[in-house]
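A look at the structure
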Amino acid sequence: MYTYEILRYPDKRLFIKAIKVSESEFGSEGLHDIVDKMFKTMSRYKGIGLAATQVDIHKRIIVIELDDNKYVIINPEIVNKSETLTSSREGCLSVPQVYGEVSRPDSISLHYQDLKGENNYIDADGLLATCIQHEIDHLNGIVYVDRMKGLKKSMLLKKYEKMNKY
Ligand code: NI
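This structure is a prediction, so every number in the text was calculated from the model and none was measured.

Here the focus is the environment of His-58. Looking at where His-58 falls in the secondary structure, it is placed in the loop between strand S1 (49-51) and strand S2 (61-66). Relative accessible area serves as the criterion here: at 19%, His-58 is assigned to the buried category. Remark: the alpha-carbon pair of His-58 and Tyr-121, spanning 63 residues in sequence, is separated by 23 Å. Among the polar contacts listed, one links the side chain of His-58 to the side chain of Asp-56, at a separation of 2.9 Å.

And the structure:
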């Protein structure tokens, strides 16, 4: 299977801020191949979202597969977000076997580009909104664990270390 290797927290490369996909890359075979391989990698590890950062490609590319819908989200910008926050249990392919509660706006409006560079807008709430925000964090070099604080964070990290000893 032609899939990428996923970086594991706290690999330093997860903290690199990704750069925008440039206009000349849209519609190219190279970009298409990256996205294709990201989808394969995500389904191999049974994830619902993957950011290019997690496979050591520091470009603003996200793939999501949720309820049989596939999303290719390039150069995302959150243009609006609700003031209401919701707390949900998140997991991450870069932090396997553990889950943690993170609080985020419960709905967002997003502007992004597709593989051809066309502009798109989407209003998202629920799991999709959480997932998009989690993946945008990756592009900005933030892993959800680092949005947690205090005892909850240290307990999660302890458990993560214990479960991922090899
Ligand atoms: Ni993640």
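What follows picks up the thread again.
Let us look at the coordination of the nickel ion. Donor atoms from the polypeptide that coordinate the nickel ion comprise Cys-92 (SG), His-134 (NE2) and His-138 (NE2), at 2.1 to 2.2 Å from the metal. Taken in chain order, the donor set of the nickel ion reads C-x41-H-x3-H. In this pair, Cys-92 is assigned in strand S4 (residues 85-92) and His-138 in helix H2 (residues 126-139), connecting sequence segments 46 residues apart. With respect to burial, Cys-92 and His-138 carry one shared label: buried.

What follows deals with helix H1 (residues 29-44). The end-to-end C-alpha separation of H1 is 22 Å, in line with the 22 Å expected for 16 residues at 1.5 Å each. Among all positions in H1, only Leu-31, Ile-34, Val-35, Met-38, Phe-39, Thr-41 and Met-42 are buried. Looking straight down H1, one finds its buried side chains confined to an arc of 165°; they lie on one side. Taken together, the buried residues of H1 touch S1, S2 and strand S3 (69-81). Lys-46, located one to two residues past H1, shows a positive phi value of around 60°.

Let's shift gears to the sheet that holds S3. Read across the sheet, 5 strands follow the order S1-S2-S3-S6-S7 without closing on themselves; strand pairing throughout is antiparallel. Each edge of the open sheet is held by one strand with a lone partner, namely S1 and strand S7 (119-125). For this sheet, the mean angle separating the axes of adjacent strands, direction not counted, is 40°. Pairing of S3 with strand S6 (residues 107-113) involves 5 bridges; the strand directions are antiparallel. Pairing of Asn-80 across the sheet is with Ser-109, part of S6. Together, S1, S2 and S3 form the strand contacts of H1, whose direction differs from that of S2 by roughly 40°. Packing of H2 onto the sheet brings it into contact with S1, S2, S3, S6 and S7, and relative to S2 it is tilted by some 155°.

What counts, and where the lines are drawn
Residues numbered from 1 in each chain as written. Predicted model: local features only at pLDDT ≥ 70, side-chain atom pairs only at ≥ 80, totals over all residues. Heavy atoms only, no water. Helix = DSSP H or I, 4+ residues; strand = E, 2+ residues; numbered from the N terminus. Buried < 20%, exposed > 50% of the residue type's maximum accessible area, 1.4 Å probe, protein only. Polar contact = N/O pair within 3.5 Å; in protein donor to acceptor, adjacent residues only side chain to side chain. Donors = N, O, S within 2.8 Å, 3.2 Å for Na, K, Ca; no water. Expected span 1.5 Å × (residues − 1). Arc of directions from axis to C-beta. Contact = heavy atoms within 4.5 Å. Pairing = 2+ DSSP bridges. Axes fitted to C-alpha atoms, helices over the stretch in contact; angles between N-to-C directions.

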